[in-house]
Amino acid sequence: MQNPHPNFSAVESQPSIHPFEIRDTTVEDAPETAALLDSVARERRFLAMTTGFSIEDTQRFISLVRATNGVHLVATLAGSIIGWCDVMPHPFETMKHSGRLGMGI
């Protein structure tokens, strides 16, 4: 069988060349995630908001994303959160195949 992704065959057989990790977000990540969101929001360039959310609101949002079968991931480098990505599913039956994307680094 021919490899459908020939450009990735060499990468798959070698150790990771990326010094960061991408993993599921936990509610315990809320303090760092909230601080990062606030930092990106204060740049006033890429987000619709100009300040972040409280730690408690961030914990609730992470829990809500999980409860609605959404996706919430963080990127970490040397144990610190350096980025996030969340996809919140649309609530309408005809739009269940899509969601709202949020991300920042």
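None of the values given here were measured: they were computed from a predicted structure.

A. Representation of the sheet that holds strand E3 (residues 80–89). Here four strands make up an open sheet; going across it, the order is E1-E2-E3-E4 and the pairing antiparallel. Each edge of the open sheet is held by one strand with a lone partner, namely strand E1 (20–24) and strand E4 (99–104). Direction aside, the axes of adjacent strands within the sheet are offset by 15° on average. Helix-sheet contacts for helix H2 (residues 30–42) involve strand E2 (71–77) and E3, and the interaxial angle to E3 is about 85°. Set on the sheet, helix H3 (residues 55–67) makes contact with E1, E2, E3 and E4; between it and E2 the angle comes to about 125°.

B. The nonpolar core, seen in detail. By size, the foremost hydrophobic cluster in this structure holds six residues: Leu36, Leu37, Val40, Val74, Ile81 and Trp84. If one sorts the elements of this core by residue count, H2 sits on top with three residues. Excluding residues within four positions of it along the chain, Ile81 makes contact with Asp29, Glu32, Thr33, Leu36, Val74, Ala75 and Thr76.

Calculation rules
Residues numbered from 1 in each chain as written. Predicted model: local features only at pLDDT ≥ 70, side-chain atom pairs only at ≥ 80, totals over all residues. Heavy atoms only, no water. Pairing = 2+ DSSP bridges. Helix = DSSP H or I, 4+ residues; strand = E, 2+ residues; numbered from the N terminus. Axes fitted to C-alpha atoms, helices over the stretch in contact; angles between N-to-C directions. Contact = heavy atoms within 4.5 Å. Core = buried A, V, L, I, M, F, W, Y, C linked by side-chain atoms within 4.5 Å. Buried < 20%, exposed > 50% of the residue type's maximum accessible area, 1.4 Å probe, protein only.

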